Amino acid sequence: MPVWLREHCWRQTASAVYLSLPVRGLRVTPANIFCTDQYLKVSIPPFLFEAILYAPIDDTNSTAKIGNGVIFFTLYKKEAAMWDSLTLGNADKEKLQYLRENAVLKAHEKAKEETEAKKVTKQEHKKYALEATMKLEEAERKRIEDLKEKERQKVTEELELWKKQQEDAEKQKRVQKEGELHEEVEQLKEKKKEKMNKTRIPNEGTSKTRLKPTKGHGSYSMFSENLKEEQLPAPRSAATIKITFTSRVFPTALRESCVAEEEEWLRKQAEARRTLSADLSELEDLKEEEKNPDWLKEKGNKMFATGNYLAAVNAYNLAVRLNNKLPLLYLNRAACHLKLRNLHKAIEDSSKVSRIMKQLSRLILKIKL
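Residues numbered from 1 in each chain as written. Predicted model: local features only at pLDDT ≥ 70, side-chain atom pairs only at ≥ 80, totals over all residues. Heavy atoms only, no water.

Colleague: Give me the lowdown on the overall build of the protein chain, citing residues and values where you can.
Modeller: For the protein chain, the count of helices and strands is seven helices and eight strands. For the protein chain, with 369 residues in total, the buried portion stands at 19%. Sequence-distant contacts in the protein chain: of pairs separated by 6 or more residues, those separated by 24 or more amount to 52%. Here the protein chain displays about 29700 Å² of accessible surface, and carbon together with sulfur accounts for 56% of that area. (Helix = DSSP H or I, 4+ residues; strand = E, 2+ residues; numbered from the N terminus. Buried < 20%, exposed > 50% of the residue type's maximum accessible area, 1.4 Å probe, protein only. Contact = heavy atoms within 4.5 Å. Areas by Shrake-Rupley, 256 points an atom, 1.4 Å probe, with all protein chains shown as cover.)

Now the structure itself:
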């Protein structure tokens, strides 16, 4: 059961009602106060104050101040008039219940309207913020585009200026070359004239001296006389040159190769072929894929993955017999020996890998050189 707060005092004017409600020793917050246009309630469990007002009030502008153990209400009347009492005294129970329920419904509707209004305001604020952000981004994008356009124009002008300078320089070089070529042509003409003059002067003297004794005995040719006086070199004698080539297995020339390494490689290849031909009788019963070192390597890898290290070693052994130049076979077999604790064999296979890699490195360096 609630404890009703009966002690209060009020006064009024034509436009407002002033109500004081003592709440000493109680902690009051705005959440404890509920007010509509004709219903006022203060609920501080277990204390309760309720008043069905005599006439409607403006609950929007009405205020409540909490302090010094008193709640002071300022209730503004909707219509200027003097009330006979603070509460509606001649109301029955049903009417009071109706007024309470109506007040609660109005409060709910008002709260809903306020929520909707806040939602609309929030959406408007979001819309405004979005529009403002879009305007700022558009302004920033326009500024960047303007900067890019200015830089583009600047670069274009610089490029055009550089092209013009290059064209002027090429034109100047071309004019200079033409001038130099003209000078060279003139010099060649001068030299040719001087040479012709030098050859013409002695020919005239000789022609005069030689024309006198043969005067009256036929015509004289200056060109035939010059041909007689010039001493032409004898033509070159023809000969046949015999060229012999050294027989080579490799396509490179003998002067560009290392004979010792090539002979060692040929010897190893012949030894490998002999070994393979000797093992052919043992490999006749194998299938075609079992004669492929790559297939045997993959099979050994699968055996290694399942933990069957002895079977993996056997697969790698057969692959090594088929091709002993693959370093990965020795490396995988060394891993199997390491799992089987055959440390000496693991070291031996690792050393074999190191030797093969060194040989490949030397061969690659020679090819590059």
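Colleague: A description of the nonpolar core should follow, citing residues and the corresponding values.
Modeller: Counting residues in hydrophobic clusters, the biggest one holds 20 residues, and the most contacted among them are Leu21, Val42, Phe49, Ile71 and Phe73. Where this core is concerned, the elements lending two or more residues are β3 (16-22), β5 (39-44), β6 (47-52) and β8 (70-76). When near neighbours in sequence (up to four residues on either side) are disregarded, Phe73 contacts Val17, Tyr18, Leu19, Leu21, Ile33, Leu40, Val42, Thr63 and Ala64. Within the second largest apolar cluster, 13 residues are counted, among which are Ala319, Val320, Leu329 and Tyr330. (Core = buried A, V, L, I, M, F, W, Y, C linked by side-chain atoms within 4.5 Å.)

Colleague: Report on the sheet that holds strand β7 (residues 63-67), specifying residues and quantitative values.
Modeller: Ordered by their spatial adjacency, four strands build an open sheet running β2-β3-β8-β7, and the pairing between neighbours is antiparallel. Two strands close off the open sheet at either side, each with one partner strand: β2 (9-12) and β7. Geometrically, the sheet is characterised by an average inter-axis angle of 15° between neighbouring strands, direction not taken into account. Alignment of β3 against β8, held across seven bridges, turns out to be antiparallel. Across the sheet, the residue bridging to Leu21 is Ile71, located in β8. (Pairing = 2+ DSSP bridges. Axes fitted to C-alpha atoms, helices over the stretch in contact; angles between N-to-C directions.)

Colleague: Outline the sheet that holds strand β1 (residues 3-4), supporting the account with residue identities and numerical values.
Modeller: With mixed pairing, the four strands of this open sheet are ordered in space as β1-β6-β5-β4. Where the open sheet ends on each side, the last strands, each with one partner, are β1 and β4 (33-35).

Colleague: Could you give me a rundown of the packing of aromatic side chains, with the residues and numbers involved?
Modeller: Considering all chains together, one arrives at four aromatic pairs under this definition. Seen from their ring centres, Phe34 and Tyr39 are 6.0 Å apart, and the 65° between their planes marks the pair as edge-to-face. Take Phe34: its relative accessible area is 26%, and that puts it in the partly exposed class. (Phe/Tyr/Trp six-rings, centres within 6.5 Å; stacked < 30°, edge-to-face > 60°.)

Colleague: Run through helix α5 (residues 309-322), naming residues and quoting values.
Modeller: The end-to-end C-alpha distance of α5 is 20 Å, a good match for the 20 Å that 14 residues give at a rise of 1.5 Å each. When we look at burial in α5, the residues that qualify are Ala312, Val313, Ala315, Tyr316, Leu318, Ala319, Val320 and Leu322. Where α5 begins, the capping side chain belongs to Asn308, and its oxygen is found 3.5 Å from the backbone nitrogen of Ala311. (Expected span 1.5 Å × (residues − 1). Polar contact = N/O pair within 3.5 Å; in protein donor to acceptor, adjacent residues only side chain to side chain.)

Colleague: Could you give an account of the environment of Asn324, naming the residues involved and the relevant values?
Modeller: Within the secondary structure, Asn324 sits in the loop between α5 and α6 (327-339). If sequence neighbours within four positions are ignored, Asn324 has contacts with Tyr330 and Ile356.

Colleague: Let's hear about the packing of α5 against α6: which residues, and what values?
Modeller: One can describe the packing of α5 onto α6 by two numbers: an axis separation of 9 Å at closest approach and a directional angle of 155°. Relative to α6, the element α5 is oriented roughly antiparallel. In this structure, α5 crosses over α6, and the sense of that crossing is left-handed. Between α5 and α6, the contacting residues are Tyr309, Ala312, Val313, Tyr316, Asn317, Ala319 and Val320 on the first element and Leu329, Tyr330, Asn332, Arg333, Cys336, His337 and Lys339 on the second. Here the residues of the contact of α5 with α6 sort into nine nonpolar, three polar and two charged. (Parallel < 35°, antiparallel > 145°, perpendicular 65-115°, else oblique. Left-handed = near helix turned anticlockwise from the far one by under 90°. Nonpolar A, V, L, I, M, F, W, Y, C, P; charged D, E, K, R; others polar.)

Colleague: Explain the pattern of salt bridges residue by residue, including any values.
Modeller: For the coordinates displayed, the defined rule picks out seven salt bridges. Of the charged contacts, one joins Arg141 and Glu138 as a salt bridge, the two residues approaching to 2.5 Å between their closest N and O atoms. Pair noted here: Arg141 and Glu138 are both in helix α1 (residues 93-211), with a separation of three residues, about one helical turn. Residue Glu138 is classed as partly exposed on the basis of its relative accessible area, which comes to 43%. (Salt bridge = Lys/Arg side-chain N within 4 Å of Asp/Glu carboxyl O.)

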